[in-house]
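Observations on chain architecture
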Amino acid sequence: AKCILFWADSIKRDGYIFQGWTLQKDALDTFYVAGARIELPSVTEGDTVTFYAKWFEVKKPKKVNGCYQIANVNELYGLAYTVNGQDHFDEDNNVCAELTADIVVNKKVLNSKDSLGADAERLLRWVPIGESYHPFSGRINGKGHTISGLYFDNSQQGVIALVGYAKDSVIIDSLGIVDSYFVGENAVAGLVGGTS
């Protein structure tokens, strides 16, 4: 048996979030994160083992009548990347966005006691919409939909919420945030963390 220990990785790819390593090319749920120790029983000295990077793709949402249409988790992150001017996304922070479906970022984040119930290392970390130098202004219309499974845990960073920093007039309506977990240094909220 061969034992492998995964260390923290600094892998970077524009428009993608690195989540870990897999043994199968298209594995969805089974992946190894930093600090994971795995045993491969059928591997002996000199064997070659191939691992594949697990990536989450961020997609820029399409506009219909001047309003971004958010239909899935990839487009929700795309909205954040667009407002924040992150990676190859052109900055656009005075926007209109509409949800066209319920969005699940992570499943079963909280347990029955409203505490973190999932393995935090395997959760996709939330990127708040709007940063201090790229604050959000505009409107997000949930159209009665929910966003569930948002996760962010960093006691060294403040202003954590669906929208991190906002400026001018911000309208968020008909939107529910459920099964989500935020920990930050200060200004932690469900919808809007702080103003710039």
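Residues numbered from 1 in each chain as written. Predicted model: local features only at pLDDT ≥ 70, side-chain atom pairs only at ≥ 80, totals over all residues. Heavy atoms only, no water.

1. Topic: the state of the cysteines
The test is simple: In what follows, a disulfide is any cysteine sulfur pair within 2.5 Å. Every helix listed is a DSSP run of H or I at least four residues long, and every strand listed is a run of E at least two residues long, numbered separately from the N terminus. Categorising residues by exposure relies on relative accessible area from a 1.4 Å probe, with only protein chains included: less than 20% of the type maximum marks a residue as buried, more than 50% marks it as exposed, and the intermediate range marks it as partly exposed.
Throughout the structure, instances matching the rule amount to one disulfide. Between C67 and C96 runs a disulfide, and the two sulfur atoms are separated by 1.9 Å. Taking the sign of the S-S torsion, -70° for the link of C67 and C96, the bridge is left-handed. Taken as a pair, C67 in strand 6 (residues 67-70) and C96 in strand 7 (residues 94-99) lie far apart in primary sequence, 29 residues in all. Of the residues examined, C67 reaches a relative accessible area of 4% and is grouped as buried. Accessibility expressed as a relative area gives 26% for C96, which makes it partly exposed.

2. Structural notes on the pattern of salt bridges
Note the threshold: When a carboxyl oxygen of Asp or Glu lies within 4 Å of a side-chain nitrogen of Lys or Arg, that pair is called a salt bridge.
Summed over the entire model, instances satisfying the criterion amount to five salt bridges. With its nearest N and O atoms 3.6 Å apart, the salt bridge here joins K143 to E98. Of this pair, K143 sits in strand 9 (residues 136-148) while E98 sits in strand 7; the two residues are 45 residues apart in sequence, bridging distant segments of the chain. Classification of E98 by relative accessible area gives buried; the value is 18%. The partner of D119 in a salt bridge is R122, and the shortest N-O contact between them spans 3.4 Å. Given the relative accessible area of 42%, D119 is considered partly exposed.

3. Some thoughts on the packing of aromatic side chains
What counts here: Note on aromatic pairs: the rings of Phe, Tyr and Trp (six-membered ring only in Trp) are paired at centre separations within 6.5 Å, and the planes decide the class, stacked below 30 degrees, edge-to-face beyond 60, tilted for the rest.
Under the criterion given, the structure shown has seven aromatic pairs. On the numbers, 6.2 Å between centres and 75° between planes, the contact of Y16 with W55 is edge-to-face. Taken together, the residues Y16 in strand 2 (residues 16-22) and W55 in strand 4 (residues 52-57) connect sequence positions 39 residues apart. Accessibility expressed as a relative area gives 22% for Y16, which makes it partly exposed. A ring pair is formed by Y151 and Y181, whose centres lie 6.0 Å apart and whose planes are at 15°; its orientation type is stacked.

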